[in-house]
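Results of the structural survey
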Amino acid sequence: MTKGETRVDYLGLPDASKEKTRGGWLRTADMVHKDKDGWLFFDYRQGTELRRSGDFIQPDYVEMVIGKLPQVSEVCVYGIPAASGAPGESDLVAAIELFEGQSIEPGPFFAGLQKELQPNFVPSYLQVVVTLPKTITEKPLARELKESFERGEGT
């Protein structure tokens, strides 16, 4: 690799590795918008959306709304197979870590989200965890949260 070369190596996926850096650009799939002053703002990452009752939902947006609650330290919204059994559909789980000494009441939590979000964007489940599991780069590990949820851990 030469200085300044953009390169990604996915184990056993040489074509995907080349595509990720096609044309010398790192293709993150981050979607942004520019305001009238030229500032760029992150909107969401392509491919992270969930489908619920036909709507495509960006977990990042739901996380932003939940993350504004004063007792919430960290949040990760992820999907699980829909209870309806509809193929490709998800029910949403909001996994939250609270600030020390804080608590949350599910009734007011969901009632508040119903005022802030469209109906399909309101999570079906609340999972309160002591610590949100994360990767070395500080991204929430939805896989571990799902496994924990399936075992009935968390609130």
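Residues numbered from 1 in each chain as written. Predicted model: local features only at pLDDT ≥ 70, side-chain atom pairs only at ≥ 80, totals over all residues. Heavy atoms only, no water.

Some remarks on the sheet that holds strand S5 (residues 72-81)
Our working definition: At least two bridges found by DSSP between two strands is the condition for calling them paired. We count a stretch as a helix when DSSP gives it H or I for four or more residues in a row; a strand needs E for two or more, and each element gets its number in order from the N terminus. Helix axes are fitted to C-alpha atoms over the stretch in contact, other axes to C-alpha atoms as well, and angles between N-to-C directions run from 0 to 180 degrees.
Taking strand neighbours across the sheet as the criterion, the 3 strands line up as S5-S6-S7 in an open arrangement whose pairing is mixed. Strand pairing shows two members of the sheet lacking a second neighbour, S5 and strand S7 (125-129), which therefore form its edges. Mean inter-strand twist for the sheet, computed between neighbouring axes without regard to direction, equals 25 degrees. Relative to strand S6 (residues 90-98), S5 is paired through 9 bridges, and the arrangement is antiparallel. In the strand pairing of S6, valine 77 is matched with alanine 94.

Remarks on helix H3 (residues 106-116)
Heads up, the rule is: For the exposure calls, accessible area comes from a 1.4 Å probe over protein chains only, and a residue counts as buried if that area is under 20% of its type's maximum, exposed if over 50%, partly exposed in between. This arc describes the spread of directions from the helix axis toward the C-beta atoms. Residues count as neighbours in contact if any of their non-hydrogen atoms are within 4.5 Å of one another.
Taken together, the buried positions of H3 are Phe109, Phe110 and Leu113. Down the axis of H3, the buried set is contained in an arc of 90 degrees. They therefore lie on one face. Turned more than 90 degrees away from the buried face of H3 sit Gly107, Pro108, Gln114 and Lys115, all of them exposed. Where the residues of H3 are buried, they touch helix H2 (59-67), S6 and S7.

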